[in-house]
Amino acid sequence: MTHLLVIRERLIRFYQDHARIVNALFRFLLSFITFFSINQLVGYNPVLKSWYVIVAFSVVNTVLPMSVLLFLAAAYTVFHVYYVSVSLALVILLIFLIAYLIYLRFLPEHGYVILAVPILYGLHLPYLVPILLGLIGAPVAVIPMSCGVVCYYTIKCITTVIGTATEESMVLFNQAFQMIFSNKEMYLVIAVFAIVMVIVNMICSQEFHYVYETAIVAGVIVNILLILVLSFPFNIQVHVVYLLVQSVICGILAWLIQFFQLVLNYSAVEYLQFEDDEYCYYVKAVPKMNIAVGEKRVKRFNAHLLGEGRFGVSSKKAESESGQNRSEQTAKTGSGEEK
């Protein structure tokens, strides 16, 4: 724990000293991962799939807000699908437009949530989204999270239709819409993610020791149980071992993120009581856990501090000899003046 606290304090200091550089680097990495993930899912256009296009878009997005990155990611996906099928590009454009209008109506500043869902699905860590949003977000964040799930399964259905299509026609348009809106797995994931997020958020609003750790454990357990229980009525195949491993890894990552954001020292809790003219206050104060990180100091020792002269002669001896020489010169000068 001590080593983690030291790393945490050093990271905080580094971020405070280089905030602008770190923010720009984070935006570049987020943009790069976003466009790279899109290429892995629907990389049909060879021009857009090239590395210099990805790097160029990522550099541009370092100075743009998150909403612009969301718009460019959607347009990037649509043009990839347009290279293969015009009708399927129209389908994915309509789905993105509906999701964007819903997201823009409620939480326009939470565009990173919509981007995080497909990216974490690509990293095989999808269950990290509801737990993290329950820890740091509000219940209304269910809306952009659900939009992100819909966008991911839309892309997944489009790739399935493209892989099985034999010709370009409006039949693909109807087939894609039917596959998207009849996808039972998508509705299951939306329901499970919403329930897990609300439960984690409700636990975090309580007042007891180790509330965040309890919320994370509860979110992992509820996520596993809900997927296992609700998958049987919908006839959805679930790999139990894969589900358990993914959920545990997501829980550990959520704890690490929460640890670096906020860690409390429950061994030093204080209870305060004071009052004013109208109220009597009972306060529970939980201090943050911090640790003093030692800084390296380099001391430079000069010759006179070490007691040695430049040629190995002690400084005191050198000073005495120089003083004696000055006194002899003064004496000679005085005798000359007398003469």
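Above: the structure in question.
Residues numbered from 1 in each chain as written. Predicted model: local features only at pLDDT ≥ 70, side-chain atom pairs only at ≥ 80, totals over all residues. Heavy atoms only, no water.

It is the contact of helix H6 (residues 111–122) with helix H8 (residues 142–164), at a shortest axis distance of 7 Å, that shows an interaxial angle of 45°. Between H6 and H8, the angle is such that the two are oblique. The handedness of the crossing between H6 and H8 is right-handed. Here H6 contributes Val 113, Ile 114, Val 117, Pro 118 and Tyr 121 to the contact with H8, which in turn contributes Pro 144, Met 145, Cys 147, Gly 148, Val 149, Cys 151, Tyr 152 and Tyr 153. Taken together, the residues that form the contact of H6 with H8 break down as 12 nonpolar, one polar and no charged. (Axes fitted to C-alpha atoms, helices over the stretch in contact; angles between N-to-C directions. Helix = DSSP H or I, 4+ residues; strand = E, 2+ residues; numbered from the N terminus. Parallel < 35°, antiparallel > 145°, perpendicular 65-115°, else oblique. Left-handed = near helix turned anticlockwise from the far one by under 90°. Contact = heavy atoms within 4.5 Å. Nonpolar A, V, L, I, M, F, W, Y, C, P; charged D, E, K, R; others polar.)

When strand E1 (residues 270–275) meets strand E2 (residues 280–285), the two strands line up antiparallel, connected through six bridges. Bridging from a neighbouring strand, Gln 273 pairs with Tyr 282 of E2. (Pairing = 2+ DSSP bridges.)

Here we take up helix H2 (residues 19–42). The terminal C-alpha atoms of H2 lie 34 Å apart, and with 24 residues this matches the ideal 34 Å at 1.5 Å per residue to within 8%. Regarding H2, the residues found buried are Leu 30, Ser 31, Thr 34, Phe 35, Ser 37, Ile 38, Asn 39 and Val 42. Against helix H3 (51–60), helix H4 (66–82), H6 and H8 lie the buried residues of H2. (Expected span 1.5 Å × (residues − 1). Buried < 20%, exposed > 50% of the residue type's maximum accessible area, 1.4 Å probe, protein only.)

With that settled, consider the nonpolar core. Generally speaking, a soluble globular protein has its nonpolar side chains buried in company with each other. Formed by 44 residues in total, the largest nonpolar core has its most connected members in Leu 135, Met 145, Val 149 and Phe 193. Per-element tally for this core: the top contributor is helix H10 (residues 184–204), with 12 residues. Ranked by size, the runner-up nonpolar core spans 36 residues in total, among them Val 42, Ile 54, Tyr 76 and Cys 157. (Core = buried A, V, L, I, M, F, W, Y, C linked by side-chain atoms within 4.5 Å.)

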